[in-house]
Amino acid sequence: MNDSEMAETGEMRDLVKRRRLVYNIQREVMDELRVDEVADKSAAKTSLSDNIKESVRCSGPRVKSCFLSCVPLLSWMPRYPFRENIFADLVSGISVGIMHLPQGMAYALLAAVPPVFGLYSSFYPVLIYFIFGSSNHISVGTYSVMSVMIGGVTERLAPDSDFMILNNDTIDTINETINDTINDTFNDTILDTAIRDIERVKIAAAVTFLSGIFQLLLGLVQFGFVVTYLSEPLVRGYTTAASIHVIVSQLKYIFGINPHRYSGPLSLIYTMLEVCSLLDQTNIGTLVVSIVTIVGLILAKEVNSFLVQKLPVPIPVELLAIIIATLVSWQVDLKTVYGVQTVGEIPSGLQAPVMPEFSIMRSIIGDAFAMAVVGYGIDISLGRIFALKYGYKVDSNQELVALGLSNMIGGFFQCFAISCSMSRSMVQISTGGKSQVAGAVSAMVILFILLKIGELFQDLPKAVLAGIIYVNLHGMMKQFGDIPALWRKNKVDMLVWLMTLILTILLNPDLGLAASIAFSMFTVIFRTQLPKYSLLGQVPGTDIYRPIEDYNQVIQIPGVLIFRSSATLYFANAELYTEHLYDKTGVDVPKLLSHKKKLEAKRQRKDKKEAQKAKKEAKKRAKKMGKMAEFSDVEEKDEVAVVAVPELDPTPDPNPDPNPDPTLPKVIILDLSPVNFLDTVGVKTLQNIHRDYGDAGVDVLLSGCQTCVIEILEKGDFFSDKLTKMILFSSVHDAVLHCQAKYSSKSTNGTHF
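About the thresholds
- Residues numbered from 1 in each chain as written.
- Predicted model: local features only at pLDDT ≥ 70, side-chain atom pairs only at ≥ 80, totals over all residues.
- Heavy atoms only, no water.
- Helix = DSSP H or I, 4+ residues; strand = E, 2+ residues; numbered from the N terminus.
- Buried < 20%, exposed > 50% of the residue type's maximum accessible area, 1.4 Å probe, protein only.
- Contact = heavy atoms within 4.5 Å.
- Areas by Shrake-Rupley, 256 points an atom, 1.4 Å probe, with all protein chains shown as cover.
- Pairing = 2+ DSSP bridges.
- Right-handed = clockwise from strand over helix to strand, strands pointing away.
- Expected span 1.5 Å × (residues − 1).
- Polar contact = N/O pair within 3.5 Å; in protein donor to acceptor, adjacent residues only side chain to side chain.
- Axes fitted to C-alpha atoms, helices over the stretch in contact; angles between N-to-C directions.
- Parallel < 35°, antiparallel > 145°, perpendicular 65-115°, else oblique.
- Left-handed = near helix turned anticlockwise from the far one by under 90°.
- Nonpolar A, V, L, I, M, F, W, Y, C, P; charged D, E, K, R; others polar.
- Salt bridge = Lys/Arg side-chain N within 4 Å of Asp/Glu carboxyl O.

1. Section: the overall build of the protein chain
So, step 1. The secondary structure content of the protein chain amounts to 31 helices and 11 strands.
So, step 2. A burial count over the protein chain gives 45% of its 753 residues as buried.
So, step 3. Sequence separation of 24 or more characterises 80% of the internal contacts of the protein chain that already satisfy a separation of 6 or more.
So, step 4. A total of about 40700 Å² of accessible surface is found on the protein chain, and carbon and sulfur atoms cover 60% of it.

2. Describing unusual backbone geometry
So, step 1. One non-glycine residue, N508, lies in the positive phi region at around 80°.
So, step 2. Considering the arrangement of structural elements, one finds N508 in helix α25 (residues 491-529).

3. So, the pairing of strand β9 (residues 667-671)
So, step 1. In terms of residue burial, β9 counts as a mostly covered element, since 5 of its 5 residues are buried.
So, step 2. Burial along β9 is two-sided: V667, I669 and D671 facing one way and I668 and L670 facing the other are all buried.
So, step 3. Note: strand β8 (residues 560-565) against β9, 5 bridges, orientation parallel. Paired with R564 across the two strands is D671, which belongs to β9.
So, step 4. The pairing of β9 with strand β10 (residues 699-703) spans 5 bridges and is parallel. For D671, the partnering residue across the bridge sits in β10 and is S703.
So, step 5. Handedness of the crossover joining β9 and β10 through helix α29 (residues 680-695): right-handed.

4. Comments concerning helix α9 (residues 144-157)
So, step 1. For α9, which comprises 14 residues, the first-to-last C-alpha distance of 20 Å matches the rise-based estimate of 20 Å (1.5 Å per residue) to within 8%.
So, step 2. Every buried residue of α9 is listed here: S144, V145, M146, S147, V148, M149, I150, G151, G152, V153, T154 and E155.

5. Thoughts on the side chain of Q538
So, step 1. Positionally, Q538 belongs in strand β6 (residues 533-538).
So, step 2. For Q538, a relative accessible area of 16% puts it in the buried group.
So, step 3. Only 2.6 Å separates the side chain of Q538 from the backbone oxygen of T542, close enough to count as a polar contact.

6. A short note on the environment of S121
So, step 1. Mapped onto the elements of the fold, S121 is located in helix α7 (residues 116-121).
So, step 2. Given the relative accessible area of 0%, S121 is considered buried.
So, step 3. The spatial distance from the C-alpha of S121 to the C-alpha of G410 is 7.0 Å, given a sequence separation of 289 residues.
So, step 4. Setting aside chain neighbours within four positions, we find S121 in contact with G141, T142, C415, F416 and I418.
So, step 5. At a separation of 2.9 Å, a polar atom in the side chain of S121 contacts the main-chain amide nitrogen of F416.

7. Focus: the side chain of Q414
So, step 1. Its location among the elements puts Q414 in the loop between α19 (396-412) and β5 (419-421).
So, step 2. Once residues lying within four places of it in the same chain are set aside, the contact partners of Q414 are F117, V201, A205, Q351 and V354.

8. Observations concerning the environment of K41
So, step 1. Inspection of the secondary structure assignment puts K41 in the loop between α2 (32-39) and α3 (48-56).
So, step 2. Looking at K41, the relative accessible area reads 39%, which means it is partly exposed.
So, step 3. Ignoring any residue separated from it by four or fewer positions in sequence, one finds K41 in contact with D36, T707 and K725.

9. Remarks on the sheet that holds β9
So, step 1. One open sheet accounts for 6 strands, arranged β7-β6-β8-β9-β10-β11; its pairing is mixed. Looking at the sheet topology across the chains shown, the edges are occupied by β7 (545-547) and β11 (728-729).
So, step 2. The strands touched by helix α31 (residues 732-744) within the sheet are β6, β7, β8, β9, β10 and β11, with β9 carrying the most contacts at an inclination of about 170°.

10. Examining the pairing of β6
So, step 1. Counting buried positions over the 6 residues of β6 gives 6, a clear majority of the element.
So, step 2. Along β6, one buried face is formed by Y533, L535 and G537 and the opposite face, lined by S534, L536 and Q538, is buried too.
So, step 3. Taken together, the 4 bridges between β6 and β8 define a ladder with antiparallel strand orientation. Paired with S534 across the bridge in β8 is R564.

11. Some points on the packing of helix α8 (residues 124-132) against helix α21 (residues 437-453)
So, step 1. Contact pair α8 / α21: the axes reach a minimum separation of 9 Å and the direction vectors enclose 160°. Between α8 and α21, the crossing angle belongs to the class labelled roughly antiparallel. The element α8 and its partner α21 pack so that their crossing is left-handed. From α8, V126, L127 and F130 reach across to α21, where they touch V437, G439, A440, S442, A443 and M444.
So, step 2. Of the residues belonging to the contact of α8 with α21, the class tally is 7 nonpolar, 2 polar and no charged.

12. Re the environment of L216
So, step 1. Along the chain, L216 turns up in helix α11 (residues 193-220).
So, step 2. Look at L216 and you get buried, because its relative accessible area is 15%.
So, step 3. A C-alpha to C-alpha distance of 8.4 Å links L216 and M408, two positions 192 residues apart in sequence.
So, step 4. When near neighbours in sequence (up to four residues on either side) are disregarded, L216 contacts L400, V401, G404, L405 and M408.

13. So, the packing of helix α26 (residues 574-585) against α29
So, step 1. As a packed pair, α26 and α29 sit with axes 9 Å apart at the nearest point and diverge in direction by 30°. Between α26 and α29, the angle falls in the class roughly parallel. When you trace α26 past α29, the crossing you get is right-handed. The residues of α29 that touch α26, namely those facing A574, Y577, T578, L581, Y582 and T585, are V681, T685, I689, D692 and Y693.
So, step 2. Residue composition of the contact of α26 with α29, grouped by class: 7 nonpolar, 3 polar and 1 charged.

14. A word on the pattern of salt bridges
So, step 1. Applying the stated criterion across every chain, the model contains 16 salt bridges.
So, step 2. Here K725 makes a salt bridge to D36, at a shortest N to O gap of 3.6 Å. A residue pair is termed long-range when its members are at least 10 positions apart, and K725 in the loop between α30 (707-715) and β11 and D36 in helix α2 qualify at 689 residues.
So, step 3. D36 sits in the buried class, given a relative accessible area of 18%.
So, step 4. Between D482 and R236 there is a salt bridge whose closest N-O contact spans 2.5 Å. Of the two residues, D482 sits in helix α24 (residues 482-489) while R236 sits in helix α12 (residues 232-249), which places them 246 residues apart along the sequence.
So, step 5. Judged by relative accessible area, D482 falls into the buried class, the value being 14%.
So, step 6. Through salt bridges with shared partners, a single ionic network connects D160, R196, D197 and R200.

Distances and angles like these do not, on their own, reveal function.
This is how it looks when you write it as structure tokens:
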């Protein structure tokens, strides 16, 4: 017997053993009042003032715990196993730091700022996260999605058209002093890139600072749950669409062209159209550099993947690419000979902190909030994955605080918004990184580059950085494989993925995110408006009830209809709930009540006519009797009454409806177990159902109500002297047994269960 057969045999034994397990419970049928009595429901509730007092209560241990949770470094660093982890963290930190160099410079192009500011963004925020972050394994720093969002803001508020200057003799002086000024002539004007870059750096720092403020405030008010509104299909669709924005934004560096910058909705479409119109102006030298870089990186990464088990650390292919490209550019003089754009001046050292531009913050509030949410969403999603894998917990609110401080302080040092990177995080883990000590080491690597060797990369072609970006987006492009997978698993999630992709492409990342969240929320509301409505039947010999349309062997209890909706009951679906209840039960309550009113009116008219007819006949008989006794006025009246009695027959008719409906149920049980809240419309709907069916002669019982739902019913004045908790039952089976006991005792009504 092979292993698979043994496994199947074991599974069959477990299945047979499970089938043999039975349980017997004998108890009384209990309504909600009886349950409260037996379980001794507590009436004590903590008031809002008590909760506030408890939350602000101060004690020594509590202050210490709060301080350590706010600065996690002080909590884990004293317990850091130095001998066991330091070597692995050093190797991991150096590897990640080497990746920071090309990625930081490349993503600075996405943010539309000089490459050196990408290195600043890979240094200051990483150190801040090392102190305040709660994840051991993620690598924070520059990230493509955040960079392209920054680039959208900087290019919108500081477009090239605002920095065109006259092409006169002063240009020669400018060119002698500023190496970065590009002499792209547009008629009689040229673009002053030096002033433009200064302005864009100010904008990037301001929006980064403001997004950090948003993240910090959300963390302090314990608003970490905001990320729950970013579902996984939404995040993956959004990052895929943002990657397409990244690809389009880098086409100008791949082909060496200079398209006009568009902003607002459909800007990506306009940019693509203009890029296509400018393809005849492609710089062949730039295109060759781009193709060689992309092909070389893809081949090198494939070799890296093939040798991953044999190498202690991955080959730093991106670092090798920028070193080789810089040497070739320097030797061949690609900038002068072939017109290939290069990185330009990279100043050595660190810059002093600068106050952000507060004057522009009113115009970037929406962008900053979108960056705060997206950056946090990506960070916490990746952090939770690694925390679950390695057995620790990531504090969602502390992550907000850590990212907020990283961005806020980074804004003073002219950094742009950061998040965590999947590629760097995977390298950090694969090289043995155990803690954020690896992040601190990577920051020291960037510091060394900034102080000593950064200026050596001045001749690096920008096309190489664009190629690095394209190759790093390979993983995000694989996310298109989500579409067939979601089609099989959940078509609504697939629709969210596709709509997020389309909206983000058409509306840009900022508006696209808001529209995608709104659409995702709409799908939730839409699904609550279209739940599954079912009539339940009993699984024979059990207290289990299942939809009769889904199971062939369930039994519908005679005279009892059990109705259930798969969603909660509130204003958006209350009317649909009532309509489906009428439809499923086959009882058109308004029509039935109207019919009963007509029958009642008809019966009253008939009784009135019969009474009038009897009175007339009595008078006629009285006249036929001839003489009337002289003292017998009263006797005459008595005589008339005696004659009228047998004609009127005051005994009430036990069945006023001459044609009773045999299909009309005696009881309807509403299974409210899926309901987790009720609004005032939901409470009123249940009141109307109970009243209308009651008027039609059908009892209505509620089962499976959660405690919070019962409290809402109490506060909503659902109960009264006539309508008590005796109509509430903890389970459907309790309600069914109650109905059987109630109606089986009335043998005269002919209803048997």
